[in-house]
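What follows is the residue order along each chain.
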Amino acid sequence: MNAAGLAGAAALGFPRPALAQGEPLRIGWLAAMTGPSSAPTVGFNRGVVFATEAINGAGGIKGRKIEIVTRDSQGDPTKAVNAVQEMISQAKVHAIWGPTNSGEALATTPIMARAKMPNIHPCVIDSLIDPAKYPNAFRIAPSNTQWDDAVRNYCLKVLKVKRVAVIGDTTGYGVTAAKASAAAFKQDGAEVVYLGNIDSTQPDMTPDMLRARNAGAETIVVWSVSTGMDARLFNTRARMGWDVAFVGHPSMASGEIGGLLEKPANWEKVYAVGYRSCSYDESGKLDARSEEFVARLKGKVALSDTLLWWVAAGYDAVSLIAKAVEETGSSAPDAIVKHWNGLTRYPGIFGNYTYTPKEHNGYPTEEVVMSAANSGRDGSFRLAPGYS
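Residues numbered from 1 in each chain as written. Predicted model: local features only at pLDDT ≥ 70, side-chain atom pairs only at ≥ 80, totals over all residues. Heavy atoms only, no water.

## Re helix H6 (residues 172-187)
Link 1 in the chain: Relative to the 22 Å expected for 16 residues at 1.5 Å per residue, H6 spans 23 Å between its end C-alpha atoms, a close match to the ideal helical length.
Link 2 in the chain: Looking at H6, one finds that the buried residues are Tyr173, Gly174, Ala177, Ala178, Ser181, Ala182, Ala184 and Phe185. Around the axis of H6, the buried residues are gathered within 165° of arc, so they sit on the same side. Opposite its buried face, H6 presents the exposed residues Lys179, Lys186 and Gln187, each directed more than 90 degrees away.
Link 3 in the chain: Where H6 is buried, its residues contact helix H4 (102-114), helix H5 (144-158), strand S6 (163-169), strand S7 (191-198) and strand S8 (219-223).
Link 4 in the chain: Positive phi appears at glycine 189, one or two residues downstream of H6, with a value of about 95°. (Helix = DSSP H or I, 4+ residues; strand = E, 2+ residues; numbered from the N terminus. Expected span 1.5 Å × (residues − 1). Buried < 20%, exposed > 50% of the residue type's maximum accessible area, 1.4 Å probe, protein only. Arc of directions from axis to C-beta. Contact = heavy atoms within 4.5 Å.)

Next comes the structure, spelled out in structure tokens:
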């Protein structure tokens, strides 16, 4: 019976089918493992693997093992669509985690909705979450509005700038996020002196940086998952001798940027979106839950070249799917979705998630902060100047 049939059977009052004896719980993992948008996926995947091995090592879900069905979308929406269709029709997955890039999710979310496939993802474009249109889609990370509010508030209230340049890459995410960011800055009374989108593979960032400087930008706001693009922007700023801050996307704090910089000082005055669960205090301590998680990862999962929140979110995504099946005893789509809709402050590693039938944005806004991008330690960061 297909996913639509399962939902129909439940609606008519027939019992939900439990997992067949010995049948694995198949989780589709739609991952941009390669390509310019791969940096977050590398971290997410480490969390996915760690969670799967931990659950299976403890006996699985009531004796049934998790099977991760991974497909590399390469950040390409067309490849993502093909992968989702194959996961649903051939691999017969029970739920899908991903994609990790909003450009792909714009193409795949309607497909999963039609198939009634339970889907949890970290993509931030606001329109991807709509319980009326996509009742099976849930967000595990903040929305772009939550990210954007943190970035804008930091620029206007902490850095106290009034003239900003907003730069995105040319992906669906980069274009949408930069446009939304610029509109919100203008609404709050700031002047957006430059708005541009750059191909993330473009080797020379000088023309765009010169335009921003000549326009009088006091801060550069960046929306891109490409660490290569980020590093080239930072290097260009240094060569220009321009003392301007970068504020924006979490990828600007990714560990791999360190190896792409012409000198370490180029990473100073860069403030990336971060989270209190992944931020350490003046004594170098994380909160108790994150400290325990990092201790479990030690010697098993590398954190030096990625972000703790990526690993934690990948871990939480697998755990949320597994918990739904464990609690309901069923892998039916409606059972998983109903379980998620009833979660209140579910204690994940990355955050405490709350979902209702009318609200599928589950991450608490108060946990979104800004981090000093060059302060990474085990994938966590020191809070940016201005926070207590």
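Anyway, onward from the coordinates.
## Details of the pairing of S6
Where a strand is regular, its side chains alternate between the two sheet faces.
Link 1 in the chain: Of all seven residues in S6, six are buried; the element is thus mostly enclosed.
Link 2 in the chain: This β-α-β element, S6 to H6 to S7, shows right-handed connectivity.
Link 3 in the chain: Of the strand pairs in this sheet, S6 and S8 are connected by five bridges, and their pairing is parallel. By the bridge assignment, glycine 168 is partnered in S8 with tryptophan 223. (Right-handed = clockwise from strand over helix to strand, strands pointing away. Pairing = 2+ DSSP bridges.)

## Topic: the sheet that holds strand S9 (residues 245-248)
Link 1 in the chain: Spatially, six strands are ordered S7-S6-S8-S9-S10-S14 in an open sheet, and the strand pairing comes out mixed. The open sheet is flanked by S7 and strand S14 (368-372), the only strands paired with a single partner. Across the sheet, the mean angle from the axis of one strand to that of its neighbour is 25°, orientation sign disregarded.
Link 2 in the chain: Strand direction decides the pairing type here: S9 and strand S10 (residues 270-275), joined by three bridges, are parallel. The residue of S10 that forms the bridge with phenylalanine 246 is valine 270. (Axes fitted to C-alpha atoms, helices over the stretch in contact; angles between N-to-C directions.)

## Points about the UniProt feature "domain: Leucine-binding protein" (unreviewed entry) in the protein chain
Link 1 in the chain: In the numbering used here, UniProt assigns the feature "domain: Leucine-binding protein" (unreviewed entry) to residues 24-361.
Link 2 in the chain: Taken end to end, residues 24-361 has its terminal C-alpha atoms 28 Å apart, with 42% of it in helix and 17% in strand. (UniProt positions renumbered as here; feature names shortened; annotations may be inferred.)

## Concerning the side chain of histidine 249
Link 1 in the chain: Mapped onto the fold, histidine 249 is located in the loop between S9 and S10.
Link 2 in the chain: Accessibility expressed as a relative area gives 3% for histidine 249, which makes it buried.
Link 3 in the chain: At 3.3 Å, the side chain of histidine 249 and the backbone oxygen of serine 224 are in polar contact. (Polar contact = N/O pair within 3.5 Å; in protein donor to acceptor, adjacent residues only side chain to side chain.)

## Considerations on the sheet that holds strand S5 (residues 137-139)
Link 1 in the chain: In spatial order, the strands read S2-S1-S3-S4-S5; together these five strands make up an open sheet with parallel pairing. Strand pairing shows two members of the sheet lacking a second neighbour, strand S2 (66-72) and S5, which therefore form its edges. Taken over all neighbouring pairs, the strand axes of this sheet differ in orientation by 20° on average, direction set aside.
Link 2 in the chain: With three bridges joining them, strand S4 (residues 119-121) and S5 adopt parallel strand pairing. Note that in S5 the partner of asparagine 119 across the bridge is alanine 137.
Link 3 in the chain: Relative to S5, helix H11 (residues 333-341) is tilted by about 35°, and along the sheet it contacts strand S3 (95-97), S4 and S5.

## Quick look at the environment of glutamate 191
Link 1 in the chain: Counting through the fold element by element, glutamate 191 comes out in strand S7.
Link 2 in the chain: The exposure class of glutamate 191 is partly exposed, given its relative accessible area of 41%.
Link 3 in the chain: Between the C-alpha atoms of glutamate 191 and arginine 163, which are 28 residues apart in sequence, the distance is 4.8 Å.
Link 4 in the chain: Each residue touching glutamate 191, except ones within four places of it in the same chain, is listed here: Lys162, Arg163 and Val164.

## Details of the packing of helix H10 (residues 308-328) against H11
Link 1 in the chain: At a closest axis distance of 9 Å, the pairing of H10 and H11 adopts a crossing angle of 105°. Judged by the angle between their axes, H10 and H11 are roughly perpendicular. Where H10 approaches H11, its residues Leu320, Ile321, Lys323, Ala324, Val325, Glu327 and Thr328 are matched on the opposing element by Ala335, Ile336, His339 and Trp340.
Link 2 in the chain: Broken down by class, the residue content of the contact of H10 with H11 amounts to seven nonpolar, two polar and two charged. (Parallel < 35°, antiparallel > 145°, perpendicular 65-115°, else oblique. Nonpolar A, V, L, I, M, F, W, Y, C, P; charged D, E, K, R; others polar.)

## Notes on the domain arrangement of the protein chain
Link 1 in the chain: Domain boundaries in the protein chain define domain 1 (25-143 + 293-364) and domain 2 (145-283 + 369-383).
Link 2 in the chain: With centres defined by C-alpha atoms, the gap from domain 1 to domain 2 works out at 27 Å.
Link 3 in the chain: Across the contact, 25 residues belong to domain 1 and 24 residues belong to domain 2.
Link 4 in the chain: When domain 1 packs against domain 2, the two sides together hide about 2,100 Å² of surface, and 64% of this comes from carbon and sulfur.
Link 5 in the chain: The interface formed by domain 1 and domain 2 includes zero salt bridges.
Link 6 in the chain: On inspection of domain 1 and its partner domain 2, the count reaches eight residue pairs in polar contact (both at pLDDT 80 or more).
Link 7 in the chain: Counting residues per element, the ones that place at least two in the side of domain 1 that touches domain 2 are helix H2 (39-57), H4 and H10. (Domains from an automatic or database assignment. Buried area = accessible area lost by both parts, 1.4 Å probe. Salt bridge = Lys/Arg side-chain N within 4 Å of Asp/Glu carboxyl O.)

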